Amino acid sequence: MKKPLPLEISELLLLLESCKTIKQGFQVHAQIILNGFHRQIFPISRLISFFALLSSKQGLDYSQILFCQIEHPNQFMCNNIIRGFSHSEFPEKAFVFYSSSMLHHRNRSPNNFTFPFLLNSCARLSTLKPGIQVHSHIIKFGFHLDLFVRNALMHFYSVFKRLNDAQIVFEGSPVRDTVSYNTMINGHALVSQAGPALHLFREMQDFGIRPDEFTFVALLSAISSLNGSRIGKQIHGFVYRNLCCIDSNVLLKTAILDMYAKCGLMNLAERAFSSMGSCKSTAAWSSMVSVYARLGETEAARRMFDQMDQRDVICWTAMISGYCQSGQHREALELFLQMEGLGIRPDEFTVSSVLSACARLGALSFGERLHGRYIEGELCSQNIFLSTALVDMYSKCGNIDYALDMFNRIPKDLRTVSLFNSMISGLAQHGLGESALAVFREMESIQLRPDSITFVAVLSACSHSGLIEEGKELFRLTLNDYGIKPLMEHYGCMVDLLGRDGCLEEAYDLIKNMQFEANSVIWRALLGACKLHGNIKIGEAASQKLIELEPDHGARYVLLSNMLANTNQWEEARRVRKLMEDRGIQKPAGWSYMELQGTLHRFLASDKSHLQDKEIFSMLQDMTTRLKSAGYVPNISQVVFDVDEEEKETVVSYHSEKLALACGLVNSSAGETIRIMKNLRVCGDCHSAFKLLSEIYKREIIVRDAIRFHHFKNGFCSCKDFW
């Protein structure tokens, strides 16, 4: 039998070029060894490139093994490994490899190809610091005037929305090309700055630099923030006049569709979408799904989503995010589970949207699973976008201690205003005003400038914790110190703060002296304070304003009738109730959620539809018996005027939060914390009962109502009966 003829090196390299998988690459490597070419630099260099540019963990590991076997590796090999890392799931390793294999080696020092690959890696990280270090190395090695490098620097700064830094690099460039302008226009598009993007486009024309399809894609994205049709139509026309074969350019047609959709011109967007025929891209479908969802038309968005032949992670995220934005959080979680079932790995935007849904529903177990499966470890502290979403989720799901622990583990140089806002807001909801003020002072100490949202959060913290003087001082001095003009939300916090302290005249005067008309939230806060302190005069004025602003909102009538009932003005209370009935207005239905083993359970008052209704009502009976033994008397002073289905004294025991608690006691182990979420404020009767039940059953019960958290433990509530 004849031996096979040895292969020429050129034949093997041609074979390598045709390889599509790592297994095929291994086979070519074996042939290179068998034919005695493994000691030659050129074929090994090509092998390193092939394996590195697969950008898989196995491929990059193998390329580094080959790299280490070479006595004198060169720049080309290093650059390809860095390039491979820049496209991989672990771009941070590009910087590690660069530091160990190039930085201190004279024969393979970095060149003008090294730095763009490094900057592309840095642009995919969640922190700015490595990119700034690379920028200093660019200057050190003398590549700061290289056009290729400067374009990469502009891209890096733009990704982090550091447009001022990108502009400095741009203006310092001795030569600019189409890529330079495209990068800057795209940077302005990322922060919705249409004006500067249009200025750069005109400058391109003045300097005779011809735009390409990517210029128009970036420009169309930028002007979509204008919400106007004139400029968009002009750019659309310019595209047709300056670029050939636009009908076959799916990228451009998708950008045009997206621009019209975001400007709210759905007829033009639908026309552009239809004109794509069978060439509709996944991005075009995603754009339509996203816009319909953003407009609140989730049924239309879902119909389009279901029609798609292929769905990428962007499309799934658009639909999930749409559900979240329209308040359909359960649907968002259900769709995410479908996505997981198909083996599609979510990106950080998907995870952030799902964490938001968990936060709104109080679905702690679901959120913990996401945390453990997708963002555990170093990524958790390094990706500030996801860290902020996690802090918010844990806070809103009742685990404020873990949220604070996570916050404290995030490096100070990575903390953002959004992160501080989430932490302060979470502490405020839990009534931890002193801790919220401490976090606010820490924010000031690291010279992060608070925004208007920060002050809403910290003023709310003062209100929930009864820190009256601190709240007044913040409103009077800090808003002025930071030059932030008080908004409706700030006044709302102050009215709530003053009202809780019984300063009703002062709160009323503050409303009357505002520079704009108070909204229903402010009048609701004042009416709630009047009910608390029994001030009928101001309460009636507040309720009249509320009924004028929201004549069909039942809760406003109920609050007024309850206030009148509290002061024994029964005839007036009945008159309000009669007015409500005559107008056909009903109080919003109260419901409560609780999570069991990753599944959400919803309860309405006196609801018997749960699969465990027998066990739940048996536990309710046990709760009632034990409460009576402890001397508890149901508070029925407002039952008649509260909700229709709870007209009788005995029905007080069947409020939705009590059903949820009974379900929790049935399905949890001794000593386990029970978490409940309620859509309305917890009623006074349930609040009193839960304090006793926490002691009777030796449980911590955490209830999130429409306003704040209540931590019931050992017979006490964290709100100190101040809610």
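So, how was this worked out
Residues numbered from 1 in each chain as written. Predicted model: local features only at pLDDT ≥ 70, side-chain atom pairs only at ≥ 80, totals over all residues. Heavy atoms only, no water. Helix = DSSP H or I, 4+ residues; strand = E, 2+ residues; numbered from the N terminus. Buried < 20%, exposed > 50% of the residue type's maximum accessible area, 1.4 Å probe, protein only. Areas by Shrake-Rupley, 256 points an atom, 1.4 Å probe, with all protein chains shown as cover. Lys, Arg positive; Asp, Glu negative; His and termini not counted. Charge placed at Lys NZ, Arg CZ, Asp CG, Glu CD. Expected span 1.5 Å × (residues − 1). Arc of directions from axis to C-beta. Contact = heavy atoms within 4.5 Å. Pairing = 2+ DSSP bridges. Axes fitted to C-alpha atoms, helices over the stretch in contact; angles between N-to-C directions. Parallel < 35°, antiparallel > 145°, perpendicular 65-115°, else oblique. Nonpolar A, V, L, I, M, F, W, Y, C, P; charged D, E, K, R; others polar. Left-handed = near helix turned anticlockwise from the far one by under 90°. Core = buried A, V, L, I, M, F, W, Y, C linked by side-chain atoms within 4.5 Å. Patch = residues over 30% accessible without salt bridge, like charges linked within 9 Å, V, L, I, M, F, W, Y side chains within 5 Å. Salt bridge = Lys/Arg side-chain N within 4 Å of Asp/Glu carboxyl O. Phe/Tyr/Trp six-rings, centres within 6.5 Å; stacked < 30°, edge-to-face > 60°. Disulfide = S-S within 2.5 Å. pLDDT = per-residue confidence, 0-100. Polar contact = N/O pair within 3.5 Å; in protein donor to acceptor, adjacent residues only side chain to side chain. Right-handed = clockwise from strand over helix to strand, strands pointing away.

**Student:** I tried to follow the overall build of the chain on my own but got confused; where do I start?
**Tutor:** When helices and strands are tallied, the chain shows 39 helices and six strands. Counting across all 723 residues of the chain, residues that qualify as buried make up 51%. Carbon and sulfur atoms make up 52% of the accessible area of the chain, which totals about 34400 Å². Taking the average location of the 75 positive side-chain charges in the chain and that of its 76 negative ones, the two points are 4 Å from each other.

**Student:** Please clarify how helix 36 (residues 613–629) should be interpreted in this entry.
**Tutor:** Helix length check: helix 36, at 17 residues, gives a terminal C-alpha distance of 24 Å against a target of 24 Å (1.5 Å per residue), a fit within 8%. Those residues of helix 36 not exposed but buried are Ile616, Phe617, Met619, Leu620, Met623 and Leu627. For helix 36, the buried positions fall inside an angular range of 155° around the axis, keeping them on one side. The exposed residues of helix 36 that point more than 90 degrees off its buried face are Lys614, Lys628 and Ser629. Where helix 36 is buried, its residues touch strand 2 (599–604), helix 38 (656–667) and helix 39 (684–696).

**Student:** Explain the pairing of strand 1 (residues 591–596) to me, please; I cannot follow it from the model alone.
**Tutor:** On a regular strand, each side chain points to the face opposite its neighbour's, so the side chains alternate between the two faces of the sheet. A large share of strand 1 lies buried, amounting to six of its six residues. Every second residue of strand 1 is oriented toward a common face, with Trp591, Tyr593 and Glu595 on one face and Ser592, Met594 and Leu596 on the other, all of them buried. In this structure, strand 1 lies alongside strand 2, joined through six bridges in antiparallel fashion. The partner of Tyr593 across the bridge, within strand 2, is Arg602. With two bridges joining them, strand 1 and strand 3 (residues 674–678) adopt antiparallel strand pairing. In the sheet register, Tyr593 faces strand 3, and the bridge partner there is Met677.

**Student:** How should the sheet that holds strand 1 be read in this particular structure?
**Tutor:** Hydrogen bonds between backbone atoms are what pair the strands of a sheet, whose relative direction is either parallel or antiparallel. Judged by pairing direction, the sheet is mixed, and its six strands sit side by side in the order 2-1-3-4-5-6 without closing on themselves. Two strands close off the open sheet at either side, each with one partner strand: strand 2 and strand 6 (716–717).

**Student:** Any chance you could explain the packing of helix 13 (residues 213–223) against helix 15 (residues 250–262) here in plain terms?
**Tutor:** Packed helix pairs are characterised by how far apart their axes lie and by the angle those axes make with each other. Contact geometry of helix 13 with helix 15 gives a least axis separation of 9 Å together with a crossing angle of 10°. Considering the angle they form, helix 13 stands roughly parallel to helix 15. Contact residues: Glu213, Phe214, Phe216, Val217, Leu220 and Ile223 in helix 13; Leu251, Leu252, Ala255, Ile256 and Met259 in helix 15. Residues that form the contact of helix 13 with helix 15 fall into these classes: ten nonpolar, no polar and one charged.

**Student:** Teacher, can you tell me more about the packing of helix 20 (residues 329–341) against helix 22 (residues 364–374) here?
**Tutor:** Remark: helix 20 packs on helix 22, axes separated minimally by 13 Å, with the N-to-C direction vectors making an angle of 35°. When you trace helix 20 past helix 22, the crossing you get is left-handed. Seen from helix 20, the contacting residues are Leu333, Phe336, Leu337 and Glu340; seen from helix 22, they are Phe366, Arg369, Leu370, Arg373 and Tyr374. Tallied by class, residues from the contact of helix 20 with helix 22 come to six nonpolar, no polar and three charged.

**Student:** Got a minute to help me understand the nonpolar core in this structure?
**Tutor:** Generally speaking, soluble globular proteins have nonpolar side chains that are buried together. If you look at the biggest cluster of nonpolar residues, it comprises 187 residues, and the most contacted ones within it are Ile235, Leu333, Met393 and Leu526. Listed in part, the 27 residues of the second largest apolar core include Ala662, Ile676, Phe712 and Cys717.

**Student:** Even after reading the chapter, I still don't get a negative patch on the surface, so can you show me in this structure?
**Tutor:** A contiguous patch of negative charge, built from Glu434, Glu469, Glu470 and Asp501, is present on the exposed surface. Positionally, Glu470 belongs in helix 29 (residues 468–481).

**Student:** How should I be thinking about the packing of aromatic side chains in this particular structure?
**Tutor:** A complete count under the given rule lists 32 aromatic pairs for this structure. Ring centres 6.3 Å apart and planes at 55° place the aromatic pair Phe336 and Phe366 in the tilted group. One end of the pair, Phe336, is in helix 20; the other, Phe366, is in helix 22, with 30 residues separating them in the sequence. With relative accessibility at 6%, the residue Phe366 sits in the buried group.

**Student:** Hey, could you run me through unusual backbone geometry in this one?
**Tutor:** Most of the time, phi is negative for any residue but glycine, and the peptide bond is trans. Residue Lys698 is not a glycine yet carries a positive backbone phi of 55°. By relative accessible area, which is 62% here, Lys698 ends up exposed.

**Student:** I would appreciate a short explanation of the state of the cysteines in the present structure.
**Tutor:** Chemically, a disulfide is nothing more than a covalent bond linking the sulfur atoms of two cysteines. Within the structure shown, the criterion is met by zero disulfides. Free of any disulfide, Cys78 has its nearest neighbouring cysteine sulfur in Cys68, separated by 10 Å. Note on Cys78: relative accessible area 0%, which makes it buried. This cysteine, Cys503, is not joined by any disulfide, and Cys530 carries the nearest cysteine sulfur, 12 Å off.

**Student:** Looking at this structure, how should I read the confidence of the model for the chain?
**Tutor:** Caution applies to low-pLDDT regions: their predicted coordinates should not be interpreted in detail. Per-residue pLDDT for the chain averages 87, and the proportion of residues at 70 or more is 91%. Counting contacts from residues 1–5, a segment whose pLDDT is below 50, to residues more than four positions away or on other chains yields zero contacts.

**Student:** Where do I start with the side chain of Asp685 in this structure?
**Tutor:** Relative to the elements of secondary structure, Asp685 occurs in helix 39. Within the structure, Asp685 has its side chain in polar contact with the side chain of Tyr632 (distance 2.3 Å). In terms of polar contacts, Asp685 uses its side chain to reach the side chain of Lys658, at 2.6 Å.

**Student:** What is the right way to read helix 25 (residues 400–409) from this model?
**Tutor:** Side chains of residues three or four places apart in an α-helix project in the same direction, reflecting 3.6 residues per turn. The complete set of buried residues in helix 25 reads Ile400, Ala403, Met406 and Phe407. Taken around the axis of helix 25, the buried residues stretch over an arc of 120°, which confines them to a single face.

**Student:** Just checking my understanding: could you explain the pattern of salt bridges for this structure?
**Tutor:** Pairs can form between side chains of opposite charge once their charged atoms are near each other. The tally for this structure, following the rule as stated, stands at 20 salt bridges. Residue Lys57 pairs with Asp61 through a salt bridge whose shortest N-O separation is 3.0 Å. With Lys57 and Asp61 both in helix 4 (residues 57–68) and four residues apart, this pair spans about one turn of that helix. According to the relative accessible area criterion, Asp61 is partly exposed, its value standing at 33%. Here Glu340 and Arg373 are joined by a salt bridge, their closest N and O atoms 3.4 Å apart. Within this pair, whereas Glu340 is found in helix 20, its partner Arg373 is found in helix 22, the two being separated by 33 residues in sequence.

**Student:** Help me understand the pairing of strand 3 in this model?
**Tutor:** With respect to burial, strand 3 is a largely interior element, four of its five residues being buried. In the sheet, strand 3 pairs with strand 4 (residues 701–704) via four bridges, with the strands oriented parallel. Its bridge partner lying in strand 4, Met677 is registered against Arg704. Running through helix 39, the crossover from strand 3 to the neighbouring parallel element strand 4 is right-handed.

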